[in-house]
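So the chains spell out like this:
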Amino acid sequence: MNIKSRNILNHSFTGFSVFAVLIMVLSLIALLGPIILRGANAYIFKATIEHEKVLMNLFGRGNKNALTKETAQTNTARAELYSTMDSFEPELEELINTDPERGYALDADYSEFKIAIRKLLGPRPGEKTPVMMRDRYGATRWDKSLEILSNAIKITEWDYSTGMGVEVFKPRKALYKGTKLEKAFDDYLTEDYLKTMMEPGWTFYYGFLTDASFDAHFFGGVWPEVIGTLYLTFGSMLLAIPAGIIAAIYLVEYAGDTKLIAFIRSCIGTLAGVPSVVFGLFGLACFLGNDSIFSVSENSSVAAGCLTLALLVLPTIIRATEEAIRAVPNSYKEGSVGLGATKWECISKVILPSALPGILTGIVISMGRAAGETAPIIFTAAVSVGKAIHIGDIFSQPTPALPWNIYNLCTEHQEVDQIRYVQYGMVFTLVAIVLILNLSAIYLRARVSKNLRG
Amino acid sequence: MNITMNTPSINTKITPGDCGDTGIPNSMYSESLSQKSHSDTDSPPHITAKDFSIFYGKFEAVKKVNIEIPEKEVTAIIGPSGCGKSTFLRCINRMNDLIPICHTTGELIFDNYNIFESQVNVVALRQRIGMVFQRPNPFPKSIFDNIAYGPRLQGIKSKAKLSQIVETSLKSAAIWNEVKDRLNQNALGLSGGQQQRICLARALAVKPEILLMDEPTSALDPKATSRIENLIDELRGDYTIIIVTHNMQQASRVSDKTAFFYEGNLVEFDRTEHIFTNPSMKQTEDYITGRFG
């Protein structure tokens, strides 16, 4: 091969590498972009006055006087719409008597319309407080209000003329032509008038992180999930780090090169690749119930989840620590032993400190995994709806946790479409927590390595 | 406390009939050696090897060596690569324990004990017999912590006392002036020659009686080498120093006595000036005149 073609090969490899890195960066952006944008939408959004009412009533936050004043203003604006509706209702009854066909059609549609208005503005002043908390307030978010509004002013019909059902939208106004309600569509159900009824404004809702959730995440934040995730992460690391490091020290420094040890090593390697759901079932079988082998609690509990997650990340920590210890130059060991150190003194004072950066790398990986794993905690520690766990309850109570509740929200929640933003907010929060944990561990590792390098 | 750490159960006992097989050349050397050492050595022996052999598995790396290393003098061990000189040196403070397949026969007597007896406390032994290695191996810690490592192991906690030991050790290793202002900096930031002197100071800080040096200058430049050699000269008289070296000029410059190893045998052991001017053995002469090795 001549030098020219060798050079071309060399350059094309550089090109491929750049291309590969570019693809990776792009996919990262494609992945993280929506998470960050949509997730941030749970924290920063245009909130309506209903949001302020929720904050005041559920958490006692906000300016009470200002809220009372604003509520009065919006109620005046809303009263116009309500009075139009009130004046339409006798007309509707009359219509049922005179023109039953149109009357009943309007009656059926009007109840749908009323539901939409109720969703938008909440219960009317003076009305009995609804049982469901989600019915006690109107739309708390401006984007949601606009969505409800657009549904309120149009009717969805199915056109089968082509043989296939096609969704067509017709203005609702046309249905009520000639009635007193027609005025509502012209004057009140517009974006401008909605503004006076809802008073939207940009807000930073930090409470999404620190507030308890109400009525299955319709209101409030994700604090119980956050605190549950932190408990599970730190609890499992607290168990796995010492156990993993001790096991690795034993495997490298004390265990010989016997067949049994080689077998145990390959078992650890295999364990690292076992699907996490297997660990979940193992945790269920081993830690829960009175008749299990190592019974931790009767029903699922934080402690059982921590144990299961600890088992899950243990192989990773052992592997990383083993590698890190092996990478410590033998001359450190010789120097230490040559000065009269016992084996343990040599390990604890020279080998472990030198291996610390490598061990921390293993811990970073495991911590991210423990924070994000869903399957191991489904059976052992997670609950869909719950209060923030208290430290005294970790042996008896399950906890909500971000990974499980993200999954739970999108699969089992009745009205997930209404609260998608909560789901994205949870994803965003989880990613942020993992990122912060990792960054702090990476910072720590950088500091340790710097101290070691001099 | 006579606890031994990680000692492989080796058969160190030698029955009297086992040793001194006549007809094997090295026993002959040892006869000539004992005559020489009796007539010439003015110091009593500090370490005595009697029919001392070292095995790696089945390979006999050092073969029935008999030697008496004089106290508070500098003894150089020379010989071609693979002759067993480093192996022998490492056995003197039982660093060979770190190699599982290594075992020994015969006796290596220090302070009236065979150091390979199972009741010998290895940790205490290594505190009395310090070692400096081929490559500078300071720990990735501050200079202060490096020097204070040994004293701390012995249980010295007082900061004032440690500072004093650190200062004395660094001064005896002739590096105090270079590092006194940066004792808290990492020792790995120093140059190779400085690092080696730090290692020497670290070994001196535990106040050993014997200093073993395994080719201490082979990784250093000539300037750093001469500083280490000057240092060895200064330490003569306070410590028994055994230095393994590839460099025959170095052996002739620094040592009082020189041992020549060849293929695991101790060929000759004599005053350095004898070895380099008038060796008794042909092999020694061939080696020092550069005919092989």
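Residues numbered from 1 in each chain as written. Chains lettered and ligands numbered in written order. Predicted model: local features only at pLDDT ≥ 70, side-chain atom pairs only at ≥ 80, totals over all residues.

1. Observations regarding the overall build of chain B
Note the cut-off: Each helix is a run of H or I in the DSSP string that is no shorter than four residues. Each strand is a run of E no shorter than two, and both are numbered from the N terminus. Once C-beta atoms are placed from the backbone, each residue is buried if 20 or more other C-beta atoms lie within 10 Å of its own, exposed if 12 or fewer, and partly exposed for counts between those two. A pair of residues counts as a contact when their C-beta atoms, built from backbone coordinates, are within 7 Å of each other.
Looking only at helices and strands, one finds eleven helices and ten strands in chain B. Within the span of chain B, comprising 293 residues, buried residues form 47% of the whole. In chain B, the share of contacts with a sequence separation of at least 24, taken over all contacts with a separation of at least 6, comes to 72%.

2. Some points on the overall build of chain A
Where we set the bar: We take the radius of gyration over the C-alpha atoms and set the globule estimate at 2.2 Å times the residue count to the 0.38 power.
For chain A, the count of helices and strands is 18 helices and six strands. The globule rule puts the C-alpha radius of gyration for 454 residues at 22 Å, and the 31 Å found for chain A is more than 25% above it. Seen along its three principal axes, the alpha-carbon backbone of chain A occupies a region of about 105 × 70 × 50 Å. Of all 454 residues assigned to chain A, the portion counted as buried reaches 37%.

3. Focus: the packing of helix α17 (residues 402–412) of chain A against helix α18 (residues 420–453) of chain A
Residues and elements named next belong to chain A. Heads up, the condition is: The axes used here are C-alpha line fits, helices contributing only the stretch in contact, and every angle between their N-to-C directions lies in the interval 0 to 180 degrees. Working rule for angles: under 35 degrees goes down as roughly parallel, over 145 as roughly antiparallel, 65 to 115 as roughly perpendicular, anything else as oblique. Left-handed describes a crossing in which the near helix is turned anticlockwise from the far one by less than a right angle; the clockwise case is right-handed. Nonpolar residues are Ala, Val, Leu, Ile, Met, Phe, Trp, Tyr, Cys and Pro. Charged residues are Asp, Glu, Lys and Arg, and all others, Gly as well, are polar.
Interhelical geometry of α17 versus α18 gives an angle of 160° and a closest axis separation of 10 Å. By the angle class used here, α17 and α18 are roughly antiparallel. Considering the relative orientation of α17 and α18, their crossing is left-handed. Of α18, the residues touching α17 (which contributes Leu402, Pro403, Asn405, Ile406, Leu409 and Cys410) are Val422, Gln423, Met426, Val427, Thr429 and Leu430. Class assignment for the residues of the contact of α17 with α18 results in nine nonpolar, three polar and no charged.

4. A few points about the sheet that holds strand β10 (residues 265–271) of chain B
Residues and elements named next belong to chain B. What counts is decided by this rule: Should DSSP find at least two bridges between two strands, the strands are taken to pair.
Taking strand neighbours across the sheet as the criterion, the six strands line up as β6-β7-β8-β3-β9-β10 in an open arrangement whose pairing is mixed. The sheet is open, and its two borders are formed by β6 (129–132) and β10, each paired with just one other strand. Neighbouring strand axes in the sheet, compared pairwise and without regard to direction, differ in orientation by 15° on average. As defined by bridge partners, strand β3 (residues 74–78) adjoins strand β8 (residues 240–244) across four bridges and the pair is classed as parallel.

5. Considering the sheet that holds strand β1 (residues 45–56) of chain B
Residues and elements named next belong to chain B. A sheet is described by the order of its strands in space; here four strands give the open sequence β2-β1-β4-β5, paired in antiparallel fashion. With one partner strand each, in any of the chains shown, β2 (59–70) and β5 (113–114) form the two edges of the open sheet. Relative to β2, β1 runs antiparallel, the two being bridged by eight bridges. Paired with isoleucine 47 across the bridge in β2 is isoleucine 69.

6. A word on the interface of chain B and chain A
Residue-level contacts link 26 residues of chain B with 18 residues of chain A. At the level of secondary structure, the elements contributing two or more residues to the side of chain B that touches chain A comprise α3 (122–128), β6, α4 (143–153) and α7 (192–204) of chain B. Each residue belonging to the side of chain B that touches chain A can be placed in one class, and the counts come to 14 nonpolar, nine polar and three charged.

7. Thoughts on helix α15 (residues 343–372) of chain A
Formally: What a helix should span is 1.5 Å times the count of its residues minus one. The bend at a residue is defined as the angle formed between two axes, one fitted to the seven residues ending at that residue and one fitted to the seven starting there.
Over its 30 residues, α15 of chain A extends only 38 Å from the first C-alpha to the last, a length that falls short of the 44 Å expected when each residue adds 1.5 Å. Where α15 of chain A bends most, at leucine 356 of chain A, the angle is about 55°, and the proline proline 357 of chain A comes one to four residues later.

8. Looking at the packing of α4 of chain B against helix α5 (residues 159–172) of chain B
Residue and element names in this part refer to chain B. Closest axis-to-axis distance for the α4/α5 pair is 9 Å, and the angle between their directions is 110°. One way to sum up the angle between α4 and α5 is to call them roughly perpendicular. In this structure, α4 uses Phe144, Ile147, Ala148 and Pro151 to contact α5, whose residues at the interface are Leu162, Ile165, Val166, Ser169 and Leu170. For the contact of α4 with α5, a count of residues per class yields eight nonpolar, one polar and no charged.

9. Comments concerning the pairing of β10 of chain B
Residues and elements named next belong to chain B. Judged by how many residues are buried, β10 sits mostly within the fold: six of seven residues are covered. Here strand β9 (residues 257–262) pairs with β10 via six bridges, running antiparallel. Residue pairing for β10: lysine 257 is matched across the bridge by arginine 271. Taken together, β9 and the strand that follows it, β10, pair antiparallel across an intervening segment of two residues, in which glutamate 263 is found at a positive phi of about 50°.

10. Describing the confidence of the model for chain B
All names here are of chain B. Note the following rule: The pLDDT value tells you how sure the predictor is about a given residue, anywhere from 0 up to 100.
For chain B, per-residue confidence averages 83 on the pLDDT scale, and 85% of positions sit at 70 or higher. Mean pLDDT values over the elements of chain B span from 38, in helix α1 (residues 25–40), up to 94, in β8. Long-range and interchain partners of residues 1–41, a stretch whose pLDDT sits below 50, account for 57 contacts in this model, where long-range means more than four residues apart. In the model output, the complex is listed with pTM 0.81 alongside ipTM 0.79.

11. Some remarks on the pairing of strand β7 (residues 210–214) of chain B
Residue and element names in this part refer to chain B. Quick note on the threshold: With the strands aimed away from the viewer, a crossover counts as right-handed if its path from the first strand over the helix to the second runs clockwise.
Most of β7 is tucked away: five of the five residues are buried. Alternating positions in β7 separate into two faces, Ile210, Leu212 and Asp214 on one and Leu211 and Met213 on the other, with burial throughout. Inspection of the sheet shows β6 paired to β7 by four bridges, in the parallel sense. Looking at the pairing, isoleucine 129 lines up with isoleucine 210 of β7. As defined by bridge partners, β7 adjoins β8 across five bridges and the pair is classed as parallel. Across the sheet, the residue bridging to isoleucine 210 is threonine 240, located in β8. The parallel pair β7 and β8 is bridged by helix α8 (residues 222–235), and the resulting crossover is right-handed.

12. Regarding helix α13 (residues 302–326) of chain A
Residue and element names in this part refer to chain A. The end-to-end C-alpha distance of α13 is 35 Å, a good match for the 36 Å that 25 residues give at a rise of 1.5 Å each. A maximum bend of about 40° is found in α13 at valine 313, where proline proline 315 lies one to four positions downstream. With 23 of 25 residues buried, α13 is to be regarded as a mostly interior element.

13. Focus: unusual backbone geometry
Note on backbone geometry: most residues besides glycine have negative phi, and most peptide bonds are trans. Residue and element names in this part refer to chain B. One non-glycine residue, arginine 94, lies in the positive phi region at around 60°. Tracing the backbone shows arginine 94 in the loop between α2 (85–92) and β4 (102–110). Using a count of 24 C-beta atoms within 10 Å as the deciding quantity, one classes arginine 94 as buried.

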